Amino acid sequence: MSELPMPRGAESLARHSDVAAASPSQEAIFVEALISSRQNILPRRLSEPGPSAAQIEQLFRAAAAAPDHGQLRPWRFVLVPAGKRAELAEVFAQALLDRDASATTEQIESAREKAHRAPWLALVVACLGPRDPDIPMLERMVSVGCAVQNMLLSAHSMAFGAGLTSGQAMSSPHMRSLFQLQTGEEAVCFINVGTASKRKAPRLRPDPTDFVTSL
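Residues numbered from 1 in each chain as written. Predicted model: local features only at pLDDT ≥ 70, side-chain atom pairs only at ≥ 80, totals over all residues. Heavy atoms only, no water.

Right, let's get into the packing of helix H4 (residues 85–99) against helix H5 (residues 105–113). Viewed as axis vectors pointing N to C, H4 and H5 meet at an angle of 140 degrees, and their least axial separation amounts to 7 Å. Classified by the angle their axes make, H4 and H5 are oblique. In terms of crossing hand, the pair formed by H4 and H5 is right-handed. Here Ala89, Glu90, Phe92, Ala93, Leu96 and Leu97 of H4 come into contact with H5, specifically with Gln107, Ile108, Ala111 and Arg112. Along the lines of polarity and charge, the residues of the contact of H4 with H5 split into seven nonpolar, one polar and two charged. (Axes fitted to C-alpha atoms, helices over the stretch in contact; angles between N-to-C directions. Helix = DSSP H or I, 4+ residues; strand = E, 2+ residues; numbered from the N terminus. Parallel < 35°, antiparallel > 145°, perpendicular 65-115°, else oblique. Left-handed = near helix turned anticlockwise from the far one by under 90°. Contact = heavy atoms within 4.5 Å. Nonpolar A, V, L, I, M, F, W, Y, C, P; charged D, E, K, R; others polar.)

In structure tokens, the structure reads:
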């Protein structure tokens, strides 16, 4: 059987594709560097300045680009401005006392202090209740995670430090009340963003061969 003639321009395109495969684009190099250099920065290592209004909008636009099967948008974010940190601090303190009525004054104050660390703070809320179409909960959580990761990478691209914090207080009824969480909504974690006062040495990432197999 004779081979079909290659369409006009296809040979040039094929050569271009081969070159592109052998030589990563500047965009690919940047993305790889951005992803591999991102670190989780503890809130106590984040200081002013935090992101500007325009940069905050950019963070949320990055979240909006996450994969979203069924276009359910199974996430929402609640900002915690400086004027509301005291209310969150009391939630942390009360959640601790609910778990341990014998908590010391120092422990209670340490719990409160966590609300005041990062210059910019937002709660991640997963929307997992009944929706139409009924996308499985695990798939929705993947979407939530992608939205959060997009925000972390966006913050990193702007030279900010960022990190996630959670803990037992996330499931506290006081937390649900403060953030007015509805049935089917869950507080997942907080996103903390600011200027990193200190960064850790790059940590060793697992090799793909450690977590990839084939059928």
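Okay, back to it.
The next subject is unusual backbone geometry. Cis geometry is found at the peptide bond from Glu48 to Pro49, where omega equals 5 degrees. Residue position: Pro49 is located in the loop between strand S1 (46–47) and helix H3 (53–64). In this chain, Asp132 is followed by Pro133 through a cis amide linkage whose omega measures 5 degrees. Within the fold, Pro133 resides in the loop between strand S3 (120–127) and helix H6 (137–157).

Turning our attention to the side chain of His156. Tracing the backbone shows His156 in helix H6. On the basis of relative accessibility, which here comes to 16%, the residue His156 falls in the buried class. If we ignore the near neighbours within four places in the chain, the residues touching His156 are Leu34, Ser37 and Arg38. (Buried < 20%, exposed > 50% of the residue type's maximum accessible area, 1.4 Å probe, protein only.)

Before going further, it helps to spend a moment on H3. Between its first and last C-alpha atoms H3 spans 17 Å; for twelve residues at 1.5 Å apiece the expected length is 16 Å, and the two agree. For H3, the full list of buried residues reads Ile56, Leu59, Ala62 and Ala63. The arc that holds the buried residues of H3, viewed along the axis, is 115 degrees, so those residues lie on one side. Residues of H3 that are exposed and point more than 90 degrees away from the buried face comprise Ala53, Ala54, Arg61 and Ala64. If you follow the buried residues of H3, they end up packed against strand S2 (75–79), S3 and H6. (Expected span 1.5 Å × (residues − 1). Arc of directions from axis to C-beta.)

Note that every value here comes from positions in space, so none of it alone points to a role or purpose.
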